[in-house]
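Structural overview for review
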Amino acid sequence: MRKLGLIALATLKPGDNRFELEGQPRDFGCEVQEVKENPSFEKLLGTVVVAVIITRSGQRFLVRGRVRFRARLYCAICGMEYERDFDEEMFAEFTSLERNRGGYARELEPDEMDRVPIDADFIDLSALVRDTIHLAIPIAPCCRPDCQGICPGCGVNLNQGVCRCPKG
Ligand SMILES: [Zn+2]
Ligand SMILES: [Zn+2]
């Protein structure tokens, strides 16, 4: 299976390395099972576009980027379906740990605790992309800031029509 977001460490030069990735959610490793379990992924329309800069400094890799995608959502207030574009920031720091030497494992230094260790020859951006998408989609989306909702009396969508309830 094709997997986008897998960056070989050997290809990263010191300083800034720019990447533009575009693909379907599953190209970023969203398995069918995961799509079923995570409703966010079912709502995605079209492709996911990732623009990222990986700054290499020795064995440290600072990842800064943006994830752009479009999603279909249901307004939590009026229930109408609507579509929205997202443009989300993505940030992480990876550090390449030295492999075991002399038969003992090296412990993480205190200043390494907040970094994602990579004990491989690749940085995998796909989990970062998936987390960014999942966190971006609101639990209670709103079709617009001033959504008027549905009148509980006559059932009219107050964004589109006028309340027909008898006055007084
Ligand atoms: Zn609404
Ligand atoms: Zn009404």
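Every value quoted in this text rests on a predicted model; they were computed, and no experiment measured them. (Residues numbered from 1 in each chain as written. Chains lettered and ligands numbered in written order. Predicted model: local features only at pLDDT ≥ 70, side-chain atom pairs only at ≥ 80, totals over all residues. Heavy atoms only, no water.)

Here the focus is the packing of aromatic side chains. Applying the stated criterion across every chain yields a total of 1 aromatic pair. With a centroid separation of 4.8 Å and 5° between ring planes, the pair formed by F69 and F86 is classed as stacked. Here the residue F69 occupies a position in strand β4 (residues 60–74), and F86 occupies one in strand β5 (residues 81–96), the gap between them amounting to 17 residues. F86 shares its class with F69; the two are buried. Positioned above the aromatic ring of F86, the side-chain terminus of R84 is 3.9 Å from the ring centre. (Phe/Tyr/Trp six-rings, centres within 6.5 Å; stacked < 30°, edge-to-face > 60°. Helix = DSSP H or I, 4+ residues; strand = E, 2+ residues; numbered from the N terminus. Buried < 20%, exposed > 50% of the residue type's maximum accessible area, 1.4 Å probe, protein only. Lys NZ or Arg CZ within 6 Å of the ring centre and 35° of its normal.)

What follows concerns the coordination of the zinc ion (ligand 1). Protein-derived ligands of the zinc ion (ligand 1) are C75 (SG), C78 (SG), C143 (SG) and C147 (SG), with the metal-ligand distances lying across 2.3 to 2.4 Å. For the zinc ion (ligand 1), the 4 donor atoms in the first shell make angles of 106 to 112° at the metal, a pattern classed as tetrahedral. The sequence motif formed by the donor residues of the zinc ion (ligand 1) is C-x2-C-x64-C-x3-C. Pair noted here: C78 is in the loop between β4 and β5 and C143 is in the segment after α3 (126–136), with a separation of 65 residues, a long-range link. (Donors = N, O, S within 2.8 Å, 3.2 Å for Na, K, Ca; no water. Tetrahedral: all angles 85-135°; square planar, octahedral: opposite > 155°, others 65-115°.)

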